[in-house]
Amino acid sequence: MAQPLVKKDDDHDDEAEYSPFLGIEKGAVLQEARVFNDPQLDARRCSQVITKLLYLLNQGDTFTKVEATEVFFAVTKLFQSRDLGLRRMVYLIIKELSPSSDEVIIVTSSLMKDMNSKIDMYRANAIRVLCRITDGTLLTQIERYLKQAIVDKNPVVASAALVSGIHLLQTNPEIVKRWSNEVQEAVQSRSPLVQFHALALLHQIRQNDRLAVSKLVTSLTRGTVRSPLAQCLLIRYTSQVIRESGNNTQSGDRPFYDYLEGCLRHKSEMVIFEAARAITELNGVTSRELTPAITVLQLFLSSSKPVLRFAAVRTLNKVAMKHPMAVTNCNIDMESLISDQNRSIATLAITTLLKTGNESSVDRLMKQITNFMSDIADEFKIVVVEAIRSLCLKFPLKYRSLMNFLSNILREEGGFDYKKAIVDSIVILIRDIPDAKESGLLHLCEFIEDCEFTYLSTQILHFLGVEGPKTSDPSKYIRYIYNRVHLENATVRASAVSTLAKFGAAVDELKPRIFVLLRRCVFDSDDEVRDRATLYQNTLGGDGSVVETDKDVKDFLFGSFDIPLVNLETSLKNYVPSEEPFDINSVPREVKSAPLAEKKAPGKKPAGLGVSSSGPPSTVDSYERMLLSIPEFANFGKLFKSSAPVELTEAETEYAVNVVKHVFDKHIVFQYNCTNTIPEQLLENVIVIVDASEAEEFSEVFSKPLRSLPYDSPGQTFVAFEKPEGLATVGKFANILRFIVKEVDPSTGEAEEDGVEDEYQLEDLEVVAADYILKVGVSNFRNAWEGMGPDCERVDEYGLGPRESLAEAVNAVITLLGMQPCEGTEVVPPNSRSHTCLLSGVYIGNIKVLVRLSFGLDGPKDVAMKLAVRSEDETVSDAIHEIVASG
């Protein structure tokens, strides 16, 4: 009895049982492959076995060398069959098996015979297979046939040759580039597919020559391209030429814009859409240029084809990020798409409307969205939530209706990511819209009573502890928090105890009540909860057992924890129990990244510490111990920072040298890590001669040469400079490696007595402002910022000039300052026109400094930046501004 057909889109758990390949095993299929050796070939059965082999290969099964060879030789015998279907399967399996060079010879003659066959199907497939399995040597032998195939009258053969050329361009570009004349001729073909493939190959041949690409586009935009597919390619290449030309509307007409606008009137829908999309993505596009593209996209919104509706609304969604006013004319059409059967289209329509709507349309949109939310998946709901958050920040007076909407959907069913997106949105609205604070906090309190996600509950409780005491009536939140102590798991109970303590520390009227509640928590069944309750009882001092000042209590409960947890864990593991208690101030604050030398091949690049060749130290402590062991550095004081190794030589050179910059309060020490990569040489008296003529404020005080540097045995030489105390002094240093080289006898390994003095030029080294700032993160930037206070705050605005993107500008400033990005703000969302980045660090002299960077696009590419700095010393705030101003 026939098996019932199952649609691909149907949601059946047992769909797998209808697969014809269910349960097949490699061993059994290889046994079946013996059918290829039968004297009387059964074409249908052979095709089925090849199909199974192809399935196994595509599912990730691997054949051993012996198995692949046996299958390959057996398959070659199938060339004697005249069955067209079987021959096509033979071509496929040979391509997938990718035979080795010695095996290719066996099948080459059969493929070349097929390539010159009168049967076009043979010719096209033989070309594809030959080009896939042959190397450059054989390719030169069949090049003449491939050139002929490119201009063949049969479009299938011509396309096969062109597509093969596209693949071969990656491995044998010098051969394919000789086909330019034939490919140019194929571009004029009447076959749409041939013209498409020919244009793609011709562009790839010329892609590294900007002038040649520009000439190609200029010649083809005059109307010689008829294939819609090729036309779409040409539109993309035209857009590329426009971007690279750098022209904009301020300096005259944009080149090729008329061509793009003309494509909006093409008879093919895909060409129209490609042109409209290209226009909307032009750099610095004006309203006049956008109008015709928006018009055709608006027509697509009412198309009967879902793919056109989706493409149009997605493009308009992107346009709305930068040019919301240009899309407002499409709002009526997009409102009708909210009820579209395709939920992707409906979601994009909703989010676009939220970006382009005005204040008066908010309530109407909310009503439509309410009915819509229950019909879409969580991933689409998250997109809608983020759009609603942006709308609320845009129209803060509408916070009540938007906050109520977020609160309502928070109570509905949904996964973790969806609920987290809603909670994050409410938190942002509370922080940015003061009037929304109390209602938003109550919504969060109501949510945690039924919240099934521990992480969200703890995050909400933490946020309540920060914001709740600042409201007009903090006592109304205590009930919700204390309920968590009785009704939740241990993790949430512990978090609730901490939140109660924060209320007690911040609100004097609540302290007695909080103390009573904490006393009840002392008898909890969980160790963590009991310990926290006891600690906070003693800290608050409600029973008079411990007397702490208000400042001490608030610093303890609300202060930022600026120690990296990885560093704390390492220090605790290394702590040896003794009468001397563990000192948390001894934990390094700097976030260390993997040194460059560790990423190099062993033996090819120098290690960073003389006692070990396995790699440089990963903490400042290791460097400090090494430097203190050298008497000349012992009086330099405490080491402030050690940089990552900076390469001063290129890879695979005779001598490999990198340098680590050790910064002290009044000194800087350059540690040059050297490796001799020549087996026949021994280097002695190795030292780096440093020219500080471009670093006038530095004066050399000491240099320590390296006595001997054998082959592949890393060693160090040091040069120390004095600098102005406590200042971020910068400069540029030229470096020359000087040494005595002695020849080594390879047979005995002994060096000659006499040597020759020689020197080797190294790259210049710069000491930059970032060398004087430690990367030290803070757990809660907002608290740390407010705790720092505005007394030493300095604010100014800067123009950063033209930049490739907002992300490029953000990364440039982070690199310049060398500070630690906080709360993931170093990541710039795609298509953003503004962004805020938060940085923290410790300036030389152990002065904490926080930076808030606000970026915005000022024109097509120009980036403007507002820099706000807070620190413990106003001179440091000024210094950070000077670094940016001079950088």
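Note that the structure is predicted; figures quoted are calculated from it, not measured.

## A few points about the overall build of the protein chain
Then, number 1: Summing up its helical and strand segments, the protein chain has 36 helices and 17 strands in all.
Then, number 2: Reported as C-alpha extents along the three principal axes, the dimensions of the protein chain are approximately 100 × 90 × 70 Å.
Then, number 3: Taken across its 887 residues, the protein chain has 48% of its residues classed as buried.
Then, number 4: Considering only intrachain contacts with a sequence separation of at least 6, the fraction spanning at least 24 residues in the protein chain is 64%.
Then, number 5: Here the protein chain displays about 44200 Å² of accessible surface, and carbon together with sulfur accounts for 49% of that area.
Then, number 6: Considering the protein chain, the positive charge centre built from 97 side chains and the negative charge centre built from 124 side chains are found 9 Å apart.

## Some remarks on unusual backbone geometry
Then, number 1: Although it is not a glycine, D712 adopts a positive phi angle of roughly 60°.
Then, number 2: Owing to a relative accessible area of 33%, D712 belongs among the partly exposed residues under this scheme.
Then, number 3: Despite not being glycine, E823 shows a phi value in the positive range, around 60°.
Then, number 4: Its place among the elements puts E823 in the loop between strand 14 (820-821) and strand 15 (834-843).
Then, number 5: What makes E823 partly exposed here is its relative accessible area of 48%.

## Quick notes on the confidence of the model for the protein chain
Then, number 1: Overall, the prediction assigns the protein chain a mean pLDDT of 83, with 90% of residues at 70 or greater.
Then, number 2: In the model of the protein chain, helix 31 (residues 550-558) stands out as the element of lowest mean pLDDT, 60, in contrast to helix 15 (residues 269-280), which has the highest, 93.
Then, number 3: Note on residues 247-252: pLDDT under 50 across the span, and six contacts to partners over four residues away in sequence or across chains.

## Brief notes about a nonpolar patch on the surface
Then, number 1: Taken together, the side chains of L193, L229 and M270 present a nonpolar region at the surface, about 240 Å² in accessible area.
Then, number 2: In this fold, L229 is placed in helix 13 (residues 228-245).

## Examining the side chain of H197
Then, number 1: Mapped onto the elements of the fold, H197 is located in helix 11 (residues 192-206).
Then, number 2: The exposure class assigned to H197 is buried, which follows from its relative accessible area of 13%.
Then, number 3: Of note is the side chain of H197, whose polar atom sits 3.1 Å from the side chain of S159.
Then, number 4: Setting aside residues up to four positions removed in sequence, H197 forms contacts with S159, L162, V163 and I166.

## So, the nonpolar core
Then, number 1: Formed by 186 residues in total, the largest nonpolar core has its most connected members in F36, I50, I94, L354, M373, L406 and L500.
Then, number 2: The biggest single contributor to this core is helix 6 (residues 120-133), with nine residues.
Then, number 3: What I94 contacts, discounting residues up to four positions off in sequence, is F72, V75, F79, P99, V107, V129 and I133.
Then, number 4: With 64 residues, the next largest nonpolar core counts I668, F733, Y798 and A879 among its residues.

What counts and what doesn't
- Residues numbered from 1 in each chain as written.
- Predicted model: local features only at pLDDT ≥ 70, side-chain atom pairs only at ≥ 80, totals over all residues.
- Heavy atoms only, no water.
- Helix = DSSP H or I, 4+ residues; strand = E, 2+ residues; numbered from the N terminus.
- Buried < 20%, exposed > 50% of the residue type's maximum accessible area, 1.4 Å probe, protein only.
- Contact = heavy atoms within 4.5 Å.
- Areas by Shrake-Rupley, 256 points an atom, 1.4 Å probe, with all protein chains shown as cover.
- Lys, Arg positive; Asp, Glu negative; His and termini not counted.
- Charge placed at Lys NZ, Arg CZ, Asp CG, Glu CD.
- pLDDT = per-residue confidence, 0-100.
- Patch = residues over 30% accessible without salt bridge, like charges linked within 9 Å, V, L, I, M, F, W, Y side chains within 5 Å.
- Salt bridge = Lys/Arg side-chain N within 4 Å of Asp/Glu carboxyl O.
- Polar contact = N/O pair within 3.5 Å; in protein donor to acceptor, adjacent residues only side chain to side chain.
- Core = buried A, V, L, I, M, F, W, Y, C linked by side-chain atoms within 4.5 Å.

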